[in-house]
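# Descriptive structure summary
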Amino acid sequence: MPSDTRSSGTTPGIAPAGPAELPASVRLLQLVTAGWLAQAVSAAAELGLADALAAGPRPVADIAAATGTHAPSVYRLLRACADIGLFDERDEQVFSLTELGEALRDDSPTSLRHFAIWTGLPAERHAWAGLADAVRTGRTAFADVLGTPVWDYMGDHPDVLTVFDKAMTEASRQIISPVVAAYDFGAFSTVVDVGGGRGALLAAVLAANPATRGVLYDRPEVIASAGEPLRAAGVADRVDLVGGDFFASVPEGGDAYVLSNIIHDWDDDLSRRILGNCRDALADGGRVLLVEAVLPDRPRPTPTVSLMDLDMLVVAGGRQRTAAEFDTLLGRSGLKLSRIVPGGHCGVVEAVRA
């Protein structure tokens, strides 16, 4: 589950702890009520409050009419969101968007609106209620709390899957540009995007490297609706769309196999199966490239990636990994870590056949 949720020096879902001179009880209260903060952001995203303010400041009555909400109640939500920087409150209950709030607009190039909605859905929020049990047992909380593994649940709840897909697309959009700028994909003649969804990353790679061809590989039902980013980027004629199961095999002959935020969804055993299939399919001299948020060693400047790691424990059963853990995992998959290229929130973990 890909995500880049940084913004303006704060970490969403974590209330600012405040000056160190505040009593410890006050600072702890800010932390334990951070879930309320996150839910307020999620509700604002679901209700489309930022979109209602896209054209400029509006009074609460107009916002309520535009969003189909109860005016006194939406004022209370807008006021709380203004206190955390999403909106500005003016005289006579008039609100406007801030730079941070722009990222909740549906049409913003920095939008994380659906990611915010996803974090407030019962599927995500209820699963986090099982964190303590997951820590006790080592089992993924989602199945224990919701009664079925996350991917089965998504299949049974297409409305949730739709939000999740949009959330991952938004998060990926924030990751793609820094990664494509940081890594030289032009060194490869054929790039296979394993689990590449609808093709946003591959489209950016090929647009930046006109001599490179691509293969978009994902589940058949995903491939059936894939390709719009490729067409929009004008690179669809250089891409083969292939459906399949990366636990069974991947298309052969590529000289780069890219897995963008795929391996973090799986435990080491299943990850080795995916990576082993990529190793077997790799052309001589090729590379396996994992686009992942690498968990920093101490000191960690923010808790973003360590919290992502807990989300993997709670929801998917996967994990974020340190550089040393990637080294070990790749070694046990018949690969060798060659380098990690920083690329914004994520890095490119590059491996060669051992």
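Just so we're clear, the structure is a prediction, and the values are computed from it rather than from any experiment.

## Side note on the sheet that holds strand β1 (residues 58-59)
- Across the sheet, which stays open at both edges, the 3 strands sit in the order β1-β3-β2 with antiparallel pairing between neighbours. Looking at which strands have only one partner, the edges of the open sheet turn out to be β1 and β2 (87-90).
- Of the strand pairs in this sheet, β2 and strand β3 (residues 94-97) are connected by 4 bridges, and their pairing is antiparallel. Within β3, the position partnered with Asp88 by the bridge is Ser96.
- On the sheet, helix α5 (residues 71-83) packs against β2 and β3 and is oriented at approximately 115° with respect to β2.

## With respect to the layout of surface pockets
- Taken as a whole, the second largest pocket encloses approximately 1100 Å³ of empty space.
- Along its surface, the second largest pocket is lined by 41 residues, and Asp165, Gly195, Gly197, Asp218 and Arg219 are the ones closest to its centre.
- Where the lining of the second largest pocket is concerned, the elements lending two or more residues are α11 (150-156), α12 (158-182), β4 (190-194), α13 (200-208), β5 (213-218), α14 (220-223) and α15 (228-232).
- Ranked by residues supplied to the lining of the second largest pocket, first place goes to α12 with 9 residues.
- Taken together, the residues of the lining of the second largest pocket sort by class into 21 nonpolar, 11 polar and 9 charged.

## Concerning the pattern of salt bridges
- Counted according to the given criterion, the structure contains 17 salt bridges.
- The partner of Asp268 in a salt bridge is Arg321, with the nearest N and O atoms 2.8 Å apart. Taken together, the residues Asp268 in helix α16 (residues 268-281) and Arg321 in the loop between α17 (304-316) and α18 (323-331) connect sequence positions 53 residues apart.
- Residue classification places Arg321 among the buried residues on the basis of a relative accessible area of 2%.
- Residues joined in a network through salt bridges with shared partners are Asp51, Asp106 and Arg113.

## Some words on the pairing of β4
- Burial analysis of β4 places 4 of its 5 residues in the buried class, which makes it a mostly covered element.
- Two strands pair when backbone bridges link them, and β4 and β5 are joined in this way by 5 bridges, in the parallel orientation. Bridging from a neighbouring strand, Val191 pairs with Gly214 of β5.
- The handedness of the β4 to β5 crossover, carried by α13, is right-handed.
- One ladder, built from 3 bridges, connects β4 with strand β7 (residues 256-260); its direction is parallel. Residue pairing for β7: Val191 is matched across the bridge by Ala256.

## Brief notes about the side chain of Thr67
- With respect to the helices and strands, the residue Thr67 is situated in helix α4 (residues 60-67).
- In this structure Thr67 comes out as buried when scored by relative accessible area, which is 17%.
- Within the structure, the side chain of Thr67 is placed 2.7 Å from the backbone oxygen of Ile63, a separation counted as a polar contact.
- Ignoring anything within four residues of it in the chain, the contact list for Thr67 reads Leu47, Gly48, Leu49 and Ala52.

## Quick word on α18
- Those residues of α18 that sit buried are Phe326, Leu329 and Leu330. Viewed along the axis of α18, the buried residues span an arc of 95°, placing them on a single side of the element.

## Thoughts on unusual backbone geometry
- With an omega of -5°, the peptide bond running from Arg298 to Pro299 counts as cis.
- Secondary-structure assignment places Pro299 in the loop between β8 (287-292) and α17.
- One non-glycine residue, Glu92, lies in the positive phi region at around 60°.
- Here Glu92 lies in the loop between β2 and β3.
- The exposure class of Glu92 is exposed, given its relative accessible area of 76%.

Thresholds applied
Residues numbered from 1 in each chain as written. Predicted model: local features only at pLDDT ≥ 70, side-chain atom pairs only at ≥ 80, totals over all residues. Heavy atoms only, no water. Pairing = 2+ DSSP bridges. Helix = DSSP H or I, 4+ residues; strand = E, 2+ residues; numbered from the N terminus. Contact = heavy atoms within 4.5 Å. Axes fitted to C-alpha atoms, helices over the stretch in contact; angles between N-to-C directions. 1 Å grid on protein atoms, 1.4 Å probe; cavity = no way out; pocket = protein on both sides within 12 Å on 5 of 7 lines; lining within 4 Å. Points joined across faces, edges and corners; volume = space filled by probe spheres on them. Nonpolar A, V, L, I, M, F, W, Y, C, P; charged D, E, K, R; others polar. Salt bridge = Lys/Arg side-chain N within 4 Å of Asp/Glu carboxyl O. Buried < 20%, exposed > 50% of the residue type's maximum accessible area, 1.4 Å probe, protein only. Right-handed = clockwise from strand over helix to strand, strands pointing away. Polar contact = N/O pair within 3.5 Å; in protein donor to acceptor, adjacent residues only side chain to side chain. Arc of directions from axis to C-beta.

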